[in-house]
Amino acid sequence: MEKQLHLNLLASRPPMAGPGGFQSGSKIKMGPGRKKDFTPLLWSQYFETMEDVEVENENGKDISFPKSLGSLGPVLLLLHGGGHSALSWAVFTSVISNMITCRVVAMDLRAHGKENTLDVGKVVEVLYGENPPPILIIGHSMGGAIAVHTATANYVPSLLGLCVIDVVEGTAMDALNSMQNFLRSRPKTFKSLENAIEWSVKSGQIRNIESARVSMGGQVKKCEESSSSPSLSNSAGEGIIEEEEDEDVEEESSKKKMREDDQEVKKESVFTWRVELSKTEKYWDGWFRGLSALFLSCPVPKLLLLAGVDRLDKDLTIGQMQGKFQMQVLPQCGHAVHEDAPEKVADALATFMVRHKFTEFKAGYMWYVYVFWRKI
């Protein structure tokens, strides 16, 4: 039975004001010789609850974990990128909730197959019934592609707007050719969750220590311990081959040795990747092909946030010049834009929503902006 995770916003933390605006405390400055803290942060510091909900689909029932929080403002439905989880939005949600009146639902997508678009619609139906509140879908990378497909398929009838973060058809399709090489270059296992967090920061996968400390717990899981020897495993693809020829014997011996080596690595390690992205390759083309045209065809206000202007393809360049969507480039960020710069993403989204009268700035946030402006 597949599982999904829905995490909803905890009562927001008080913002930390700084010279550049609201700060979440995500950028930690270390003095000389001071060791960085890679200890995990609990999801409960950012989200309120996880609640089991059964969602009907063609294969029967699946379990999800949503719960709505609050009764004011539109719902921000957050869809994460490939291999990530709802926890990748943790720091962002704590910032955006200080800026505008809104409700937040972050959703864990199932093992990244073709069902994800339909899943989003089913989850909204279970959460809100036949009369859902106004909803703005926000998706990062693969989640951005799913957000676009969900919007164009009208799975969310109360859709207010659409925000896509750092995913463009042209660059995404080009990147697919080297994706398997990238996945092979990552460590297969980690000795601890702290080790995984440290790797994510030092490798540049996540450039924000606070976000890495909470989100990596959703990307990795504890390795499963096998009670039997590798050669007797009942796992798919690990059955014993009948030794009818000498060549078959040599081949099986080689496979057995590889399994034993892998088992030894797992004995020494504790954590491995939660989602095996390499096994989802057959879906990659379907996620991104035709995405730019679909995005432009969505009949709602649209916001595209990019880490670099060079990511625009031809269709989006023309559409942007024609004013079909709003675009903002957030430099000095990696691909995980909302994790690297949660304050900038929250500010761009809040401004977009207020501009279209979807919500209002909170009084405290406006007061701070006014005082800062007067001080200058």
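Bear in mind the structure is a predicted one, so any value in this text is a computation, not a measurement. (Residues numbered from 1 in each chain as written. Predicted model: local features only at pLDDT ≥ 70, side-chain atom pairs only at ≥ 80, totals over all residues. Heavy atoms only, no water.)

What about the overall build of the protein chain?
If you tally the helices and strands in the protein chain, you get 14 helices and 14 strands. Out of the 376 residues in the protein chain, the part that is buried amounts to 48%. With an accessible surface of roughly 19400 Å², the protein chain has 51% of that area assigned to carbon and sulfur atoms. (Helix = DSSP H or I, 4+ residues; strand = E, 2+ residues; numbered from the N terminus. Buried < 20%, exposed > 50% of the residue type's maximum accessible area, 1.4 Å probe, protein only. Areas by Shrake-Rupley, 256 points an atom, 1.4 Å probe, with all protein chains shown as cover.)

Some details on the sheet that holds strand E12 (residues 271–273)
On the basis of which strands lie adjacent, the open sheet formed by three strands has the order E10-E12-E11 and antiparallel pairing. Each having just a single partner strand, strand E10 (189–190) and strand E11 (220–222) make up the two edges of the open sheet. By the bridge criterion, two bridges tie E10 to E12 in an arrangement that is antiparallel. Residue pairing for E12: Phe 190 is matched across the bridge by Phe 271. Against the sheet, helix H7 (residues 209–219) makes contact with E11 and E12, and its axis sits at roughly 60 degrees relative to E11, the strand it touches most. (Pairing = 2+ DSSP bridges. Contact = heavy atoms within 4.5 Å. Axes fitted to C-alpha atoms, helices over the stretch in contact; angles between N-to-C directions.)

Some remarks on the pattern of salt bridges
Side chains carrying opposite charge are able to pair once their charged atoms draw close together. Taken as a whole, this structure holds four salt bridges when the rule is applied. Linking Asp 37 and Arg 213 is a salt bridge whose minimum nitrogen-to-oxygen distance equals 3.3 Å. Of this pair, Asp 37 sits in the loop between strand E3 (21–23) and strand E4 (53–57) while Arg 213 sits in helix H7, and the two are 176 residues apart along the sequence. A residue is classified by how much of its surface remains accessible, and Asp 37, at 31% relative accessible area, is partly exposed. For Arg 213, a relative accessible area of 12% puts it in the buried group. In this structure, Arg 289 and Asp 285 form a salt bridge, with 2.7 Å as the shortest nitrogen-oxygen distance. (Salt bridge = Lys/Arg side-chain N within 4 Å of Asp/Glu carboxyl O.)

Details of helix H6 (residues 193–202)
Buried within H6 we find Leu 193, Ala 196, Ile 197, Ser 200 and Val 201. For H6, the arc enclosing every buried residue in end-on projection is 130 degrees, short of the 170-degree limit, so these residues lie on one face. Looking at the buried side of H6, the elements it contacts are E10, H7, E11 and E12. Two residues or fewer after H6 comes Gly 204, characterised by a positive phi angle close to 85 degrees. (Arc of directions from axis to C-beta.)

Focus on the UniProt feature "active site" (unreviewed entry) in the protein chain
The feature "active site" (unreviewed entry), as annotated in UniProt, sits at Ser 141, Asp 166 and His 335 in this numbering. Despite a sequence span of 195 residues, these residues sit close together in the fold, their greatest C-alpha distance being 8.2 Å. With respect to the element layout, Asp 166 can be found in the loop between strand E9 (159–165) and helix H4 (169–176). By relative accessible area, Asp 166 is classed as buried at 5%. If we ignore the near neighbours within four places in the chain, the residues touching Asp 166 are Ser 141, Leu 305, Leu 306, Ala 307, Arg 311, His 335 and Val 337. By the element assignment, His 335 lies in the loop between strand E14 (326–329) and helix H12 (337–340). For His 335, a relative accessible area of 37% corresponds to the partly exposed category. Discounting residues that sit within four places of it in the chain, His 335 has contacts with His 140, Ser 141, Asp 166 and Asp 340. (UniProt positions renumbered as here; feature names shortened; annotations may be inferred.)

Quick notes on the pairing of strand E7 (residues 103–107)
Among the five residues of E7, five are classified as buried, and the element is accordingly described as predominantly covered. Because side chains alternate across E7, one face comprises the buried residues Arg 103, Val 105 and Met 107, and the other comprises Val 104 and Ala 106, equally buried. Pairing of strand E6 (residues 75–79) with E7 involves five bridges; the strand directions are parallel. Among the inter-strand pairings, Leu 79 is bridged to a residue of E7, identified as Met 107. In terms of handedness, the path from E6 via helix H1 (residues 90–99) over to E7 forms a crossover that is right-handed. (Right-handed = clockwise from strand over helix to strand, strands pointing away.)

Things to note about helix H9 (residues 281–288)
If you check which residues of H9 are buried, you get Trp 284, Trp 287 and Phe 288. Angular distribution of buried residues about the axis of H9 spans 70 degrees; they occupy a single face of the element. In this structure, the buried residues of H9 make contact with helix H3 (142–152), H4, helix H5 (179–185) and helix H10 (291–297). Residue Gly 290 follows H9 closely and has a positive phi angle near 80 degrees.

Digging into the packing of aromatic side chains
Taken as a whole and assessed by the stated rule, the structure comprises seven aromatic pairs. Taking the centre distance of 5.4 Å and the plane angle of 80 degrees together, the rings of Phe 190 and Trp 273 count as edge-to-face. Separated by 83 residues along the polypeptide, Phe 190 in strand E10 and Trp 273 in strand E12 bring together distant segments of the chain. Classification of Phe 190 as buried rests on a relative accessible area of 2%. Ring geometry for Trp 199 versus Trp 273: centroids 5.7 Å apart, planes at 75 degrees, classification edge-to-face. With Trp 199 in helix H6 and Trp 273 in strand E12, the pair connects residues that are 74 residues apart, well separated along the chain. Note on Trp 273: relative accessible area 11%, which makes it buried. Among the aromatic residues, ring-to-ring pairing joins Phe 190, Trp 199 and Trp 273 into one connected group. (Phe/Tyr/Trp six-rings, centres within 6.5 Å; stacked < 30°, edge-to-face > 60°.)

A few points about the confidence of the model for the protein chain
Averaged over all residues, the pLDDT of the protein chain is 77; the fraction at 70 or higher stands at 69%. Confidence drops under pLDDT 50 across residues 63–68; counting only partners more than four residues distant or on other chains, this segment forms 33 contacts. Within the model, the stretch residues 367–376 combines pLDDT values under 50 with five contacts to residues more than four positions away or in other chains. (pLDDT = per-residue confidence, 0-100.)

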